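Results of the structural survey
One-letter residues, chain by chain:
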Amino acid sequence: MSHFKLIFLALLSSLVLLCEPVQAEDKEADDQNISDFFKASKYKLFSINPSGTAVAFIEPKEATYDLIIYDLKRGTMDDPITFERQQLQVQHKNKIMSWETHHNKIYELKWLSDSFLSLKQHSNGRFHRYVLVEFADRSQQPNPAFRLSYISQNGYWVDTLPNQTNKAIFARYEHSDDYDYYIDLFKLDLTEKISESNFRRKLRLNKTGPKLHNWVFDSKGWRLAGTRTVDDVTELFARTGSKPKKYRYKSVWESKKGDVLKVVGGNAEKLLLLTNHNSDKINLRTFDIESQQFAEVVFEHPFYDLTAAIRHPETKDIIGVSFIEKGMAKQVYFSDDYNALTTRLSKSTKIEGVYAVDMDKSGNNIIFVADDSANPGQTYYYNRTTDSFSHLIDLYPWLSNKSLSKTKLLRLEAEDGVTLEAFLTLPSTKNPPLVVIPHGGPIGVSDSRHYSGNIQVLVDAGFATLQVNYRGSAGYGKAFKQQGLQQWGRLIEDDIEQALSFAKDNYEVNANQVCIVGGSYGGYSALYSVIRSPQLYKCAASFAGVTDLALRFQRSDAQRDGMMRALTEIMGDPKTQQDELFKYSPLYQFKGITKPVFIAHGTDDNNVDIEHSYRLHFALKDHGIKHKWMVMDDVGHGFSDPDDAAVYYNALIEFLSTHLEEEQPVLNH
């Protein structure tokens, strides 16, 4: 089971200075307090072992990381296992050897059995290796002995085979000239030393049959079905044959171009799939293998796409589904027994978002996370034997003394009748100035009502914030997403402005003191909004914003067929719609910028090149249009370092305070 970590790209600042660059390294954050909002959680990647006796999680540190085991039976922590940095000699494609320091960031933690724990290490932005930690019997004593081994193959664990102790199925990525990649499957005995020889081609589980992107296994450890996607068309393969030696896998169905199709479970007669075939929303449906037809809908939300299916660790049955509802991650189980648990925990903690992140083999010991906009995250352990919850650990302990604000849900109807959702967060002041923050993307991304440092840092400074899930945002169905295509500066901004009008009419905010800020597409939206609707905003700020739509097509990676198709679908065809790309680019309409703007960009941005901001900066400078300008060295398309975020947000808050001048009285509590 997984929790959806919703990534929000919105970062900005502003002041009307004549264009002298301000280097980020020349400024130190005046208020170290700001960086606290942007620190990653102190602990992450919680996993419970199959017997439900221990929880493992990671504590990342600057130079190391600790693997922590919490003994659920004893109620104690084992001594942490610390992994140090490493220096390894590597050979590059040009045969030159060099030394690299490996920071060993962990991107996956998973119990493969009670004795084996797997950690997936990344280093310097790429896969490094898997670390296997083998423990002695922990039932005899705390802090059991352990030993380490390593797997250098890039891939992922497909199945932990609960009925075959200490064996697991590993999927290794393989290059394909036809469709990017496929996976080869290997059953590994974890008790034996795993080496390159374990991944010989003759040992593959899929020696025969199709080359697929994904496979699903049944409870006995046999392949059940799989899919592959080529040119946005997904092909479904299902098993035929009455016994393992006679199993064959044949193509049984193809999706329409762009439709979602993901097999998540089932049996030899019927598969369970997440799909939006002949439906606006992604739902959970059965597929009859013999007739090769979709059958009944098992679960469909009337307003939102499903995002995942919840699979029982032992039986492999689908026991529930996940989705984002009203901006909050939610799980619905097909058993009221499980549903009651989330309700109980939410009521007792007074935290709106409660969801399970892992359960043991029996399903009777479950790890929950509880969080919302004002509660950054707490973990709890539920034990069915005692029918009780126990608090495990807080994920952001340094925020415990901060007064965070709850985010309100706004639902409104656009002029064409489409329902929009927006999120308003208010500070403890009367009639506060308002900052509108369009999210990045713009297609397939959404804002939420979970904790966001980008929001809380501005609310803490006295600003109300408004986020809008405009047309194109993820989670609201096929039509809603498609309506945002090629609507840069048009329908998307119409939605933002209608939500702004709704907020000003229905909530206590200062309607005359509004700025718009954002990152990536949000930065584009901020800049273009003050060009198209200057009467609505006092100022705008763009971090890593797109300023020249045509320039997006000139990147080297944009020349790949898949990338070119995606950019054309999202933005427009540079061959036939060039005039529109120019018309809706802030760079070519820069003379319409009559409000104070702040333009900031990182030098290491590999998504939106800093050239976008440089071009607009020089155009404004050459025409004497005052603006604030910031280059952030060694910063990419977002902030991985809290101190960099603090530098930027100090500048942003200063900019907003300058142009949203009115002081606000503090409310009486």
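Up top you'll find the structure we're talking about.
What comes next is a walk through the structure. (Residues numbered from 1 in each chain as written. Predicted model: local features only at pLDDT ≥ 70, side-chain atom pairs only at ≥ 80, totals over all residues. Heavy atoms only, no water.)

Next up on the list: the overall build of the chain. Each helix and strand counted, the chain has 10 helices and 38 strands in total. Over its C-alpha trace the chain gives a radius of gyration of 26 Å, about what one expects of a compact globule, namely 26 Å for 669 residues. Projected onto the principal axes, the alpha-carbon positions of the chain cover approximately 75 × 60 × 55 Å. Taken across its 669 residues, the chain has 54% of its residues classed as buried. (Helix = DSSP H or I, 4+ residues; strand = E, 2+ residues; numbered from the N terminus. Rg over C-alpha atoms; globule rule 2.2 N^0.38 Å. Buried < 20%, exposed > 50% of the residue type's maximum accessible area, 1.4 Å probe, protein only.)

Once that is clear, we can look at the state of the cysteines. Enumeration over the complete set of coordinates arrives at 1 disulfide. A disulfide bridge connects cysteine 515 with cysteine 539, and the sulfur atoms are separated by 1.7 Å. Between cysteine 515 and cysteine 539, the disulfide has an S-S torsion of 105 degrees and is therefore right-handed. One end of the pair, cysteine 515, is in strand E35 (residues 514-519); the other, cysteine 539, is in strand E36 (residues 539-543), and 24 residues separate them in sequence. Taken as a pair, cysteine 515 and cysteine 539 share a single burial class, namely buried. (Disulfide = S-S within 2.5 Å.)

Quick look at helix H3 (residues 453-460) now. Of all 8 residues making up H3, 7 are buried, and the element is well covered by its neighbours. Looking at the buried side of H3, the elements it contacts are helix H1 (33-36), strand E32 (419-425), strand E33 (434-436), strand E34 (464-469) and helix H10 (642-659). Capping the start of H3 is the job of one residue whose side-chain oxygen sits 3.4 Å from the backbone nitrogen of asparagine 454: serine 452. Positive backbone phi, at 105 degrees, marks glycine 462, one or two positions downstream of H3. (Contact = heavy atoms within 4.5 Å. Polar contact = N/O pair within 3.5 Å; in protein donor to acceptor, adjacent residues only side chain to side chain.)

A word on the packing of H3 against H10. The description of two packed helices rests on the angle between their axes and on the distance between the axes. Where H3 meets H10, the axes come as close as 11 Å, and the angle between the chain directions of the two elements is 45 degrees. Here H3 lies oblique to H10, going by the angle between them. The two elements H3 and H10 cross, and the hand of that crossing is right-handed. Together, Asn454, Val457 and Leu458 of H3 and Tyr649, Leu652, Ile653 and Leu656 of H10 make up the contact between the two elements. (Axes fitted to C-alpha atoms, helices over the stretch in contact; angles between N-to-C directions. Parallel < 35°, antiparallel > 145°, perpendicular 65-115°, else oblique. Left-handed = near helix turned anticlockwise from the far one by under 90°.)

Our next topic: unusual backbone geometry. In the segment running from glycine 441 into proline 442, the intervening peptide bond is cis, with an omega of 0 degrees. Even without being a glycine, leucine 161 presents a positive backbone phi close to 45 degrees. Checked against the element boundaries, leucine 161 lands in the loop between strand E13 (155-159) and strand E14 (167-176). The buried category is assigned to leucine 161, whose relative accessible area is 3%. Positive phi outside glycine occurs at asparagine 166, with the angle close to 65 degrees. By relative accessible area, which is 14% here, asparagine 166 ends up buried.

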